[in-house]
Amino acid sequence: CRKEQSESLGRQAVLESSTKAEPPTEPGFECKVCCKAFKRGGDLIRHERVCHGINTGAFTCPTCNKNFLRAFDLKRHISIHNAEKKYVCGKCGAKFNRCENMKRHLLGHSGARPYQCAYCKKEFTQQENLKRHILTHTGEYQRYRCGECKKDFTRLASLRRHEHRHTGSWPFTC
């Protein structure tokens, strides 16, 4: 879409909604690159990062540089890095700072995969992983390609982990 068109259409929608009895609806969040609209700011941030390689957000984690629209979300995220991890998985000993994270982890042990792709029927333990997977069918994702074997990844972290298989070096010790 053209930005000029979307702006004039937005003004027209506001004019039309102001003449009606109901209050105007919230405008939502729009991608400045492709004009795609989102109901939630977090979805826009994810879209910009995945589709356009743009890393935006008003609040940035000082440890991992992940961005958030709200200070509350950043504060909750930071606890991942430095909070006491009092929830321990009884099967493998993995530790978590929040109960909900451990519950999500336990799905991996149970074999339960409640989220299924409508395109190919592949199943996932987490809804976020399904959403990211669906982008591979719709073509709306940033591809991260291995320079060695040309395999594509939807996440930069996955590509980096894969690249260590070619070099044999790992950035950390077990």
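Anything mentioned here points back to the structure above.
All of these numbers come straight from a predicted model, not from anything done at the bench. Numbers given to residues run from 1 along each chain, matching the order in which its sequence is written. Note on the predicted model: pLDDT of at least 70 is required for a residue's local features to be given, and 80 or more for side-chain atom pairs to be given and counted; whole-chain, interface and lining totals, by contrast, use all residues. Side-chain calculation: all heavy atoms of the structure are included, whereas hydrogens and water are not.

A. Region of the structure containing the overall build of the protein. Note on conventions: DSSP H or I runs of at least 4 residues are helices, E runs of at least 2 residues are strands, and numbering of each starts at the N terminus. Counting secondary structure elements, the protein contains six helices and 10 strands. To sort residues, take the accessible area from a 1.4 Å probe on protein chains only and compare it with the maximum for the residue type: under 20% means buried, over 50% means exposed, and anything in between is partly exposed. Each of the 174 residues in the protein was classed as buried or not, and the buried ones make up 22%. Accessible area of the protein: about 12,800 Å², with a carbon and sulfur share of 52%. Accessible areas in this description were obtained via Shrake-Rupley with a 1.4 Å probe; residue shielding takes into account the shown protein chains only.

B. Seen up close, unusual backbone geometry. At K121, a position not held by glycine, the phi torsion is positive, near 70°. Tracing the chain through its elements places K121 in the loop between strand 7 (115–116) and strand 8 (123–124). A relative accessible area of 52% places K121 in the exposed class. One non-glycine residue, K150, lies in the positive phi region at around 70°. Topologically, K150 is positioned in the loop between strand 9 (144–145) and strand 10 (152–153). Residue classification places K150 among the exposed residues on the basis of a relative accessible area of 51%.

C. The arrangement of helix 4 (residues 99–110) in detail. To estimate the expected span of a helix, subtract one from its residue number and multiply by 1.5 Å. With 12 residues, helix 4 ought to run about 16 Å at 1.5 Å a step, and its terminal C-alpha atoms sit 17 Å apart, in line with that. Directly after helix 4, the chain includes G111, whose backbone phi takes a positive value near 85°.

D. A look at the pattern of salt bridges. Just to be clear on terms, a salt bridge is a Lys or Arg side-chain nitrogen sitting within 4 Å of an Asp or Glu carboxyl oxygen. Tallied over the entire structure, the rule returns five salt bridges. A salt bridge links E100 to R98; its shortest N-O distance comes to 2.2 Å. Using a relative accessible area of 45% as the deciding quantity, one classes E100 as partly exposed. Taking the shortest distance from any N to any O, the salt bridge between K131 and E128 comes out at 3.6 Å. With K131 and E128 both in helix 5 (residues 127–138) and three residues apart, this pair spans about one turn of that helix. By relative accessible area, K131 is classed as partly exposed at 32%.

E. Focus on the environment of L74. Secondary-structure assignment places L74 in helix 3 (residues 71–82). The contact partners of L74, leaving out residues within four places of it in the chain, are F59, T60, C61 and F68. Contacts are assigned to residue pairs with any non-hydrogen atoms lying within 4.5 Å of each other.

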